[in-house]
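The lines below spell out each chain.
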Amino acid sequence: MSQRVHTELFTLAQFARRVGISEGRARALWGQAGRLPRPDRTDADGRPLWQAATIDRWCRQVGRPVPEEAVGPWSWPDAIEPAPVVFNGEVTARTRWHEPCRVHLIVWDTPSGHMVQATPFTTEWVEDRDAARAAAQVLQPPFWQDAIIIVPPTGSFGASEGYDLYNLDAYRLRPGSARTQPVRRGLLALLKADVDDEAGPPDPNAVEAEPVGLPLAEDIQRVIGRPIPIWLDGSFTPETARRLQAFGPDAPFTIPDTVTAWPATRDRLTAAREWGLPERFPQAYALLARDARATFADVQRHHAQQKERGQGWYLAARPARPDWPVALEQSASTAAQLPPDLEAAAEELPQLRAIEAPMPYRDVVAEALYEASRELASLLRTEKPEVVFATTVRHSFTAAGPVVEQWRHTLTELTPEELAALRGTRRFARLLTIDPSPRTEEAFGYIQQADAQVSAVWRDHAGRLVVEFDSDYRSHGTEIAAEWPIGLPDGWTDATVIAADPQASTSAFALTPMPDGNVRVDPLPNPGDEPGYTWGYRGGGPTTFYQALVRCALGMWASRDDWLARMWPIGLANRSELWKFISTAPQGAPLRLPWPQVQAWAQQDQAYAQTVLPDNDLKDR
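A few points on the structure. Bear in mind that the values here come from a model prediction, so they are computed numbers and not experimental data.

1. Points about the overall build of the protein chain
Then, number 1: From N to C terminus, the protein chain includes 23 helices and 22 strands.
Then, number 2: Principal-axis analysis of the C-alpha atoms places the extent of the protein chain at approximately 85 × 65 × 65 Å.
Then, number 3: A burial count over the protein chain gives 48% of its 621 residues as buried.
Then, number 4: In the protein chain, once contacts between residues fewer than 6 apart in sequence are set aside, the share between residues at least 24 apart is 67%.
Then, number 5: Of the roughly 29600 Å² that the protein chain leaves accessible, carbon and sulfur atoms contribute 50%.

2. Topic: the pairing of strand 18 (residues 479-485)
Then, number 1: Most of strand 18 sits inside the fold, with seven of its seven residues counted as buried.
Then, number 2: Residues Glu479, Ala481, Glu483 and Pro485 line one face of strand 18 and the alternating positions Ile480, Ala482 and Trp484 line the opposite face, and both faces are buried.
Then, number 3: One ladder, built from seven bridges, connects strand 14 (residues 392-398) with strand 18; its direction is antiparallel. Its bridge partner lying in strand 18, Arg394 is registered against Glu483.
Then, number 4: Strand direction decides the pairing type here: strand 17 (residues 465-469) and strand 18, joined by three bridges, are antiparallel. Within strand 18, the position partnered with Glu468 by the bridge is Ile480.

3. A look at the packing of aromatic side chains
Then, number 1: Overall, the coordinates contain 23 aromatic pairs when judged by the stated rule.
Then, number 2: When the ring of Trp231 is compared with that of Phe236, the centres are 4.4 Å apart and the planes differ by 45 degrees; the resulting orientation is tilted. Of the two residues examined, Trp231 and Phe236, each falls in the buried class.
Then, number 3: Ring geometry for Phe397 versus Trp407: centroids 6.0 Å apart, planes at 40 degrees, classification tilted.

4. Here's the deal with the environment of Leu554
Then, number 1: On the secondary structure map, Leu554 appears in helix 21 (residues 540-554).
Then, number 2: In this structure, the C-alpha to C-alpha distance between Leu554 and Ile80, residues 474 residues apart in sequence, is 74 Å.
Then, number 3: Beyond its immediate stretch of four places on either side in the chain, Leu554 contacts Trp563, Ala602, Gln603 and Gln606.

5. Focus: the sheet that holds strand 2 (residues 41-42)
Then, number 1: Strand order in the open sheet made by the three strands is 1-3-2, with antiparallel pairing throughout. Each having just a single partner strand, strand 1 (9-10) and strand 2 make up the two edges of the open sheet.
Then, number 2: The pairing of strand 1 with strand 3 (residues 48-51) spans two bridges and is antiparallel. Bridge pairing links Phe10 to Trp50 in strand 3.
Then, number 3: Helix-sheet contacts for helix 4 (residues 52-62) involve strand 1 and strand 3, and the interaxial angle to strand 3 is about 80 degrees.

6. Re the side chain of Ser576
Then, number 1: By secondary structure assignment, the location of Ser576 is in the loop between helix 21 and helix 22 (577-584).
Then, number 2: A polar atom in the side chain of Ser576 sits 2.7 Å from the side chain of Asp605.

7. Concerning the pattern of salt bridges
Then, number 1: What the rule picks out here adds up to 31 salt bridges.
Then, number 2: For Glu23, the salt bridge identified is with Arg27, shortest N-O distance 2.7 Å. You can see Glu23 and its partner Arg27 sitting in helix 3 (residues 23-30), four residues apart, about one turn around the helix.
Then, number 3: For Arg318, the salt bridge goes to Glu308, with nearest N and O atoms at 3.2 Å. Of the two residues, Arg318 is situated in strand 13 (residues 317-319) and Glu308 in the loop between helix 11 (282-305) and strand 12 (313-315); the sequence distance between them amounts to 10 residues.
Then, number 4: Residue classification places Arg318 among the buried residues on the basis of a relative accessible area of 12%.

8. Side note on the packing of helix 22 against helix 23 (residues 595-612)
Then, number 1: Two elements in contact, helix 22 and helix 23, have axes separated by 8 Å at closest approach and are oriented at 120 degrees. If you check the angle between helix 22 and helix 23, you find them oblique. Contacts between helix 22 and helix 23 involve Glu577, Leu578 and Phe581 from the former and Trp601, Gln604 and Asp605 from the latter.

9. Overview of the packing of helix 21 against helix 22
Then, number 1: Two elements in contact, helix 21 and helix 22, have axes whose closest approach is 10 Å; the angle formed by their N-to-C orientations is 140 degrees. Relative to helix 22, the element helix 21 lies oblique. Helix 22 is crossed by helix 21, and the crossing has right-handed handedness. When helix 21 is examined against helix 22, the residues Pro542, Thr543, Phe545, Tyr546, Leu549 and Val550 are found in contact with a partner set consisting of Leu578, Trp579 and Ile582.
Then, number 2: Residue classes in the contact of helix 21 with helix 22 are distributed as eight nonpolar, one polar and no charged.

What counts as what
Residues numbered from 1 in each chain as written. Predicted model: local features only at pLDDT ≥ 70, side-chain atom pairs only at ≥ 80, totals over all residues. Heavy atoms only, no water. Helix = DSSP H or I, 4+ residues; strand = E, 2+ residues; numbered from the N terminus. Buried < 20%, exposed > 50% of the residue type's maximum accessible area, 1.4 Å probe, protein only. Contact = heavy atoms within 4.5 Å. Areas by Shrake-Rupley, 256 points an atom, 1.4 Å probe, with all protein chains shown as cover. Pairing = 2+ DSSP bridges. Phe/Tyr/Trp six-rings, centres within 6.5 Å; stacked < 30°, edge-to-face > 60°. Axes fitted to C-alpha atoms, helices over the stretch in contact; angles between N-to-C directions. Polar contact = N/O pair within 3.5 Å; in protein donor to acceptor, adjacent residues only side chain to side chain. Salt bridge = Lys/Arg side-chain N within 4 Å of Asp/Glu carboxyl O. Parallel < 35°, antiparallel > 145°, perpendicular 65-115°, else oblique. Left-handed = near helix turned anticlockwise from the far one by under 90°. Nonpolar A, V, L, I, M, F, W, Y, C, P; charged D, E, K, R; others polar.

Structure representation (structure tokens):
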């Protein structure tokens, strides 16, 4: 069996041949709404295409014989009684990359073979195919060929109306090429091949998992005689798996809430209140309080919407309902009534950022201050962008090329004492990984892994941090992670040159000669937005490069409804000299552009936009 089973699509004529009817009859059925199943896809001309699983399921539903070539659960007869569970527990297997992984298995014994549900734990990063391969750890090799392994997706809390339509990846096992004993070669091996098994028993860790379709939960219930358990995102842990074993099948139970945002929201608000945020930063606390009340109401709504049973499935575990201490609820209710004060909020934001950055990254108070800062930034984004974007974002790129080398020569390396004080802080954690949240770190340890690969830490002339990782940390070369500015530039002159090299893709810099003979090197900001600059084609990276240069030149802030966001509809891309330069510059060559030229071209583009857009659309915030 090959992977074609999983991906092959059938035309209407092929549909007819598969189910044993004439093509004319199939066309007649297709012309009657609802007589044939909904197509899985259409071709370029709009003609319907079906997967084999969809066709075979339809045969079952309408009482037609299932095609002889059908595989997966559609070829199995209906259960006349619930299939017994012969295994319900955790196994440790190995991925195709030879990494250990833990998977929970439920094995049902049916007359047609074993049906296995394989579910990776929330804290394990396991591909579906590797999860299916884990079934070989409990099934004996003679039973591999007849077993079907399903890997259900987890469900979004409160969105259970769609669970009935969830496709489950289905697989069958096939012995791999790995051997558990040395293979004899030569004449002796040929002579003895008929009298003993030269390879030894199949290795469960070398088994392959082949796709056999995308059944629905109701397809599985039909052949095992009972519904299968479905888990919510974030709810399946070794502890909840043990609860499943204790409660038995088809018995939903309540677990501590690891699914919704409420526990973390409540804990942050509690920590913020105990730290004194209401008194020290009342605007920030008011925003946190409003967010907490909204989150509480949202989680309550999801509880009301969440179904516990559906077509072929039942919810194995649901999170406990939200609650909070009376004193905290009263505090939030009072604070939420405080009216927004933009001037006061603008004073609080930089202070909160300065307090939060050096705090330990696992600190719950720091988490609360970080969320409060984000809420303040959201409030101030439109009216006070100069305050909101007076910060940096993490940007990583390959450390190569003459421009990056020039930049690195202007950096100052941190002393061992400075580096020791920096390690473990939230500021450093944000530089090491794109997701420094405590929950992610607990599950995957990205911060610790990256910290172990740090080879040097510097600061630039503005105090922004730069980290270099060991050359073997990334397969494509030495990596730099930098605190990249996202505010408007300052100090650029008519002698400034915008420079970028292809070896350091997605980065660009402004080189400014100084009166003392030195060169100041600034990362090119994209005011109010992320960096990520490329050139030499008409696409997202060049568009970001163009918009960043125009914003820097005209003092604009990123906005979804400014004229830059409509450069294509208004025809600006066909008239702009700056865009032409960026989109046609050779991709493999260095890019150099005098700053005065950038300013002149940006002003030309703005002038054109003024001729085709109403005044109220010419927003340059």
